[in-house]
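Examination of the molecular architecture
Below are the chains, spelled out letter by letter.
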Amino acid sequence: MARIVMKFGGTSMAGTERIRRVAGIVKRQQEAGHEVAVVVSAMAGETDRLVNFCREANALYDRAEYDVVVAAGEQVTSGLLALHLQALGCKARSWLGWQLPVRTDDAHAAARIEDIDSQALLASMAAGEIAVIPGFQGLDHDGRVTTLGRGGSDTSAVAVAAAVSADRCDIYTDVDGVYTTDPRIVAKARKLKYVTYEEMLELASVGSKVLQTRSVSLAMKEGVRVQVLSSFIDESAPPADSIPGTMIVSDEELEGTDMERQLITGIAADKNEAKVTLTRVADRPGAVAAIFGPLAEANINVDMIIQNIAKD
Ligand code: ADP
Ligand code: ASP
Ligand code: MG
């Protein structure tokens with residue numbers, strides 16, 4: 001028997017038929033003899049819709065209230081999945097971020113998980129109940145709802161897996177693994193059997209959104225075994241143990257498996273980058289810190305910094 005955390009993304013949760021299919025996959029995994037917890041995303045497009053409501057309400061919206069609004073998408077899908085599982089005869093219940101709780105810092109809209117109280121989850125799983133947890137949301141120290149940044153349900157899933165010492169964290173999505181590049185852009189992309197944490201971290205941080213970057217660094221730090229696989233599988237497909245998705249593994253685990261491993265694992269693209277050029281930055285100690293300090297405090301990622309001295 002293994003303990004498995006299963007995560008289903010937005011496309012997998014988009015509507016009644018899809019959630020029913022997800023419930024079937026979860027049920028089969030439990031029937032294979034495993035303890036199961038599930039982390040879910042909001043339905044595809046729902047978080048965008050909620051973000052737009054915030055923008056329409058107030059262009060300079062308060063991030064704490066934004067979190068109250070956007071966390072709602074995952075609350076809906078976690079309740080619905082629990083209902084679908086119950087309809088299939090499973091014992092299931094939802095555990096919202098504030099109920100567990102999933103403790104985070106107070107960086108609203110980009111919060112970091114500090115700790116997950118796993119007691120209730122472990123007891124629930126040991127009693128044969130399927131715990132359904134909304135991804136993306138947490139609770140700060142003032143008791144306010146937080147969210148983890150876009151794509152954050154991956155990070156929630158890995159954090160839950162670490163908290164319950166899961167044997168594996170299966171990330172179910174709309175492609176059947178990690179490819180050499182985005183298979184929706186390049187038809188010839190090849191599926192990779194294994195990717196190391198470091199490689200995945202690099203791919204994710206430069207735009208491969210199949211996993212949120214922070215979920216990969218967390219998995220690497222906590223030693224969580226992550227598998228990426230498709231939820232768009234046949235009703236009669238066997239449980240995930242025998243479906244070859246892509247395993248994210250450590251360098252050591254991969255050593256010796258393939259002498260001729262390629263030097264380049266994959267290529268990523270990102271259409272959602274902003275380039276900012278600052279000119280006439282004073283050449284004195286502290287000038288760079290004065291620029292990047294506030295950005296770091298606001299949890300804004302800077303992917304690439306190019307510095308040069310130019311004379312005008
Ligand atoms: P989910 O809603 O399940 O979290 P995402 O849309 O966040 O799914 O991530 C899955 C998508 O990631 C795929 O549909 C694919 O277009 C994209 N993607 C980008 N790069 C890759 C890659 N190297 N391998 C697989 N998928 C990739
Ligand atoms: N629903 C959130 C988003 O769309 C989190 C997630 O799906 O991972 O960003
Ligand atoms: Mg995603």
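Further up the page is the structure itself.
Presented here is an overview of the structure given in this document. Model, not experiment: these values are computed from the prediction.

What follows is about the overall build of the protein chain. Across its full length, the protein chain holds ten helices and twelve strands. Since a compact globule built from 312 residues should have a radius of gyration of about 20 Å, the 20 Å found for the protein chain is in line with a globular shape. Dimensions of the protein chain, computed from C-alpha atoms along their principal axes, come out at roughly 70 × 55 × 35 Å. Pairs at least 24 residues apart make up 72% of the contacts formed inside the protein chain by residues separated by at least 6 positions. Summed over all atoms, the accessible surface of the protein chain reaches about 16,900 Å², with 52% contributed by carbon and sulfur. The average position of the 32 basic charges and that of the 43 acidic charges among the side chains of the protein chain differ by 4 Å.

Let's shift gears to the packing of aromatic side chains. On inspection of all chains with the given rule, the structure shows two aromatic pairs. Taken together, a centroid distance of 5.2 Å and an interplanar angle of 10 degrees make the contact between Y61 and Y66 stacked. Of the residues examined, Y61 reaches a relative accessible area of 27% and is grouped as partly exposed. What makes Y66 buried here is its relative accessible area of 7%. The side chain of R93 reaches across the aromatic face of W95, ending 3.5 Å from its centre.

Let's shift gears to the site of ligand 2. With respect to spatial proximity, the complete set of residues near ligand 2 consists of S41, A42, T47, E74, F136, R150, G151, G152 and S153. The side chain of T47 places a nitrogen or oxygen atom 2.8 Å from a nitrogen atom of ligand 2. Within the backbone of G152, a nitrogen or oxygen atom sits 3.4 Å from an oxygen atom of ligand 2. Class assignment of the residues belonging to the shell around ligand 2 gives a composition of two nonpolar, five polar and two charged.

Time to look at the site of ligand 1. Around ligand 1 sit 16 residues in total, of which T173, D174, Y179, D182 and R184 are the nearest. A distance of 3.0 Å separates a nitrogen atom of ligand 1 from a polar side-chain atom of S208. Its free accessible area being 570 Å², ligand 1 has 89% of it covered by the protein chains.

Within the structure shown, the criterion is met by zero disulfides. C169 provides the cysteine sulfur closest to C90, a residue in no disulfide bond, and the two sulfurs are 20 Å apart.

Before going further, it helps to spend a moment on empty space enclosed by the protein. As enumerated under the stated definition, the model contains one cavity of 30 Å³ or more in all. Taken as a whole, the largest cavity encloses approximately 40 Å³ of empty space. V158, I171, Y197, L211, S215, V216, A219, V226 and I248 are the residues that line the largest cavity. Sorting elements by how many residues they give to the lining of the largest cavity places helix α8 (residues 213-222) first, with three residues. Across the lining of the largest cavity, the residue classes tally to eight nonpolar, one polar and no charged.

Below, the discussion takes up the environment of F292. Mapped onto the fold, F292 is located in helix α10 (residues 287-297). As a C-alpha pair, F292 and V302 span ten residues in sequence and 8.5 Å in three-dimensional space. Leaving out residues up to four positions away in the same chain, F292 has contacts with V302 and I305.

Take the layout of surface pockets next. Space inside the second largest pocket adds up to approximately 290 Å³. Around the second largest pocket, the lining comprises 14 residues; the ones closest to its centre are I113, A159, L218, K221 and E222. Elements with a minimum of two residues in the lining of the second largest pocket: β5 (113-116), α6 (153-163) and α8. A breakdown of the residues in the lining of the second largest pocket according to their chemical character gives six nonpolar, two polar and six charged.

This part takes up a negative patch on the surface. A surface patch of negative charge is lined by D106, E114, D115, D117 and D142. Relative to the helices and strands, D106 resides in the loop between β4 (102-104) and β5.

Right, let's talk about the environment of Y197 for a bit. Structurally, Y197 can be placed in helix α7 (residues 197-205). Its relative accessible area of 8% is what places Y197 among the buried residues. The spacing of Y197 and V224 is 27 residues in sequence and 10 Å in space, taken between C-alpha atoms. Other than its neighbours up to four places away in sequence, Y197 contacts V216, A219, M220, G223, V224, R225, I248, V249 and S250.

Judged by nonpolar contacts, the single largest core of 37 residues is most densely connected at V5, C169, V178, M200, V226 and I248. Those elements that place two or more of their residues in this core are β2 (35-40), α5 (119-126), β6 (130-134), α6, β9 (168-173), α7, α8 and β11 (226-230). With five residues, the single largest contributor to this core is α6. Apart from the residues within four sequence positions on either side, M200 is in contact with V178, V195, S208, V210, L211, V216 and I248. Of all hydrophobic cores here, the second largest spans 23 residues; its members include M13, A23, A82 and V132.

Basis of the calculations
Residues numbered from 1 in each chain as written. Chains lettered and ligands numbered in written order. Predicted model: local features only at pLDDT ≥ 70, side-chain atom pairs only at ≥ 80, totals over all residues. Heavy atoms only, no water. Helix = DSSP H or I, 4+ residues; strand = E, 2+ residues; numbered from the N terminus. Rg over C-alpha atoms; globule rule 2.2 N^0.38 Å. Contact = heavy atoms within 4.5 Å. Areas by Shrake-Rupley, 256 points an atom, 1.4 Å probe, with all protein chains shown as cover. Lys, Arg positive; Asp, Glu negative; His and termini not counted. Charge placed at Lys NZ, Arg CZ, Asp CG, Glu CD. Phe/Tyr/Trp six-rings, centres within 6.5 Å; stacked < 30°, edge-to-face > 60°. Buried < 20%, exposed > 50% of the residue type's maximum accessible area, 1.4 Å probe, protein only. Lys NZ or Arg CZ within 6 Å of the ring centre and 35° of its normal. Near = heavy atom within 4 Å. Polar contact = N/O pair within 3.5 Å; in protein donor to acceptor, adjacent residues only side chain to side chain. Nonpolar A, V, L, I, M, F, W, Y, C, P; charged D, E, K, R; others polar. Disulfide = S-S within 2.5 Å. 1 Å grid on protein atoms, 1.4 Å probe; cavity = no way out; pocket = protein on both sides within 12 Å on 5 of 7 lines; lining within 4 Å. Points joined across faces, edges and corners; volume = space filled by probe spheres on them. Patch = residues over 30% accessible without salt bridge, like charges linked within 9 Å, V, L, I, M, F, W, Y side chains within 5 Å. Salt bridge = Lys/Arg side-chain N within 4 Å of Asp/Glu carboxyl O. Core = buried A, V, L, I, M, F, W, Y, C linked by side-chain atoms within 4.5 Å.

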